[in-house]
Amino acid sequence: MTVPKKLFIKTYGCQMNVYDSERMAEALGGQGYVETTSQDDADMILLNTCHIREKAAEKVYSELGRLRGLKEANPNLKIGVAGCVAQAEGAEIMRRQPLVDLVVGPQSYHRLPELEAKTRLGETALDTDFPEEDKFEKLAARPKAKRGPAAFLTVQEGCDKFCAFCVVPYTRGSEVSRPVERILTEARDLVERGVREITLLGQNVNAYHGAGSDGADWSLARLIWALNDVDGLERIRFTTSHPNDMSDDLIEAHVSCPKLMPYLHLPVQSGSDRILKRMNRSHTAEQYLRLIERLRTARPDMHLSGDFIVGFPEETEQDFQDTLALVEAVQYGSAFSFKYSTRPGTPAAERAQVSEAEKADRLLRLQTLLTHQQRALQNAMVGRDVGVLFERPGRQPGQMVGKSDYMHAVHVQGDSVAPGDLRRVRIVSSSTNSLAGELLD
Ligand code: 5AD
Ligand code: SF4
């Protein structure tokens, strides 16, 4: 019997990387690898990287530096870089850090087995192509092993929007949607393995238009309705959406599709029309607010989440005030906010930059407001009854932790609850990052 080789994957960045890491582990499973949770005894270490902000990319090089000792102790250890830094930097990574054996971009993961074989021969392997073939079709069939109740499923990749600050259209390429039937097959397979909640992923997920088995072009809403019919699947979510692709059928699905959850991540980035224009977002603050109004009319309990960038080139205090005003108007249940980070090769990199001190000050003020909103909305959950999908035991004995319909972390005391159970819970208290509840049924 051959001894399995050990694979350690470290994942940075977005949920799509989490999904990709799973698929890479599966692809290398065919080469005799099993995953390990410790890098110390690994035969291969893969860093699945993020290039969205400068700090994320720099982290990769520091991490690679830290792996030197392991490579010296075990010369057979293979080190690979995958993800968006791999795509953006390519062979430059091996030049800057010669201990790297393999560099593979996000569109080439189905070629990992060949690339790995090359490294075993003592060669380096590099693949940052945008190949014609569909990597998802070529990737190994997913194993039948049991898994946790919540899973990601990538349905769309790439972006054609070209926001002036963003590297995604360059690292992930143009928009591609997977065919409907493959997604449904993968969803049924996940459900057989214990999954109860699926989050459909795409850089621009609501721009999804995939080929249906009927030959028609299916929208995301139509795909969601088809998933609603999958027995055993209890919840559907999707992320990340662009305001301009929030179509009527998708808003309607939030009203009448029973398994679609009342939570929407809808980044706006700025509340200033001047900055939105400079960002190439192709919508105004007013259009975004009107969209939110329509969503809330359709689904009054909808929890909204957003992404914000402060200190975009040429952003003035007045522009920033417009962002604060938009946040006040929306009332977000959660949000992610970032200082603008210059990304080489993107249009905004060439423009007049806001000082670091100004960026830091604006970020602090924005985050103070967002945290305040988030806490207020979370506290308002106390006394309400919600669905909770339980995922794992909590820190206290007898405690179980899950996610509410609105994505809050909720914990209860109860020996009768198991991971994968969807139960009604009455919320009794709210703390910094979670809610406590009592089982109702
Ligand atoms: N600087 C700061 N934040 C960025 N994002 C994307 N590019 C940059 C950048 N250059 C943020 C946006 C996006 C989220 C995923 O990351 O808010 O929605
Ligand atoms: Fe980047 Fe999103 Fe803009 Fe596309 S829509 S360029 S992924 S921020």
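These lines cover the structure that appears in this document, whether it is placed above or below. (Residues numbered from 1 in each chain as written. Chains lettered and ligands numbered in written order. Predicted model: local features only at pLDDT ≥ 70, side-chain atom pairs only at ≥ 80, totals over all residues. Heavy atoms only, no water.)

1. Thoughts on the site of ligand 1
Then, in step 1: Taken together, the residues surrounding ligand 1 are Ile52, Arg53, Phe165, Gln269, Asp307, Ile309, Phe338, Lys339, Tyr340, Ser341 and Arg343.
Then, in step 2: Arg53 is positioned such that a nitrogen or oxygen atom in its side chain is 2.9 Å from an oxygen atom of ligand 1.
Then, in step 3: Taking Ser341, its main chain carries an N or O atom lying 2.8 Å from a nitrogen atom of ligand 1.
Then, in step 4: Coverage of ligand 1 by the protein chains reaches 87% of its 400 Å² of free accessible surface. (Near = heavy atom within 4 Å. Polar contact = N/O pair within 3.5 Å; in protein donor to acceptor, adjacent residues only side chain to side chain. Areas by Shrake-Rupley, 256 points an atom, 1.4 Å probe, with all protein chains shown as cover.)

2. Let's talk about helix α10 (residues 220-228)
Then, in step 1: Taking burial as the measure, the 9 residues of α10 include 7 buried ones, the bulk of the element.
Then, in step 2: Restricting attention to buried positions, one finds in α10 the residues Leu220, Ala221, Leu223, Ile224, Ala226, Leu227 and Asn228.
Then, in step 3: In this fold, the buried residues of α10 make contact with α9 (180-192), β10 (197-201), β12 (217-219), β13 (235-239) and α11 (248-256). (Buried < 20%, exposed > 50% of the residue type's maximum accessible area, 1.4 Å probe, protein only. Helix = DSSP H or I, 4+ residues; strand = E, 2+ residues; numbered from the N terminus. Contact = heavy atoms within 4.5 Å.)

3. So, the packing of α9 against α10
Then, in step 1: Interaxial distance between α9 and α10 falls to 11 Å at its minimum, and their mutual angle equals 35°. Helix-helix and strand crossings are classified by hand; for α9 and α10 the assignment is right-handed. Together, Val180, Ile183, Leu184 and Ala187 of α9 and Leu223, Ala226 and Leu227 of α10 make up the contact between the two elements. (Axes fitted to C-alpha atoms, helices over the stretch in contact; angles between N-to-C directions. Left-handed = near helix turned anticlockwise from the far one by under 90°.)

4. Notes on the state of the cysteines
Then, in step 1: Under the definition given, this model contains 0 disulfides.
Then, in step 2: In this structure Cys50 is a free cysteine whose sulfur lies 6.4 Å from that of Cys14, the closest cysteine sulfur available.
Then, in step 3: We classify Cys50 as buried; its relative accessible area is 12%. (Disulfide = S-S within 2.5 Å.)

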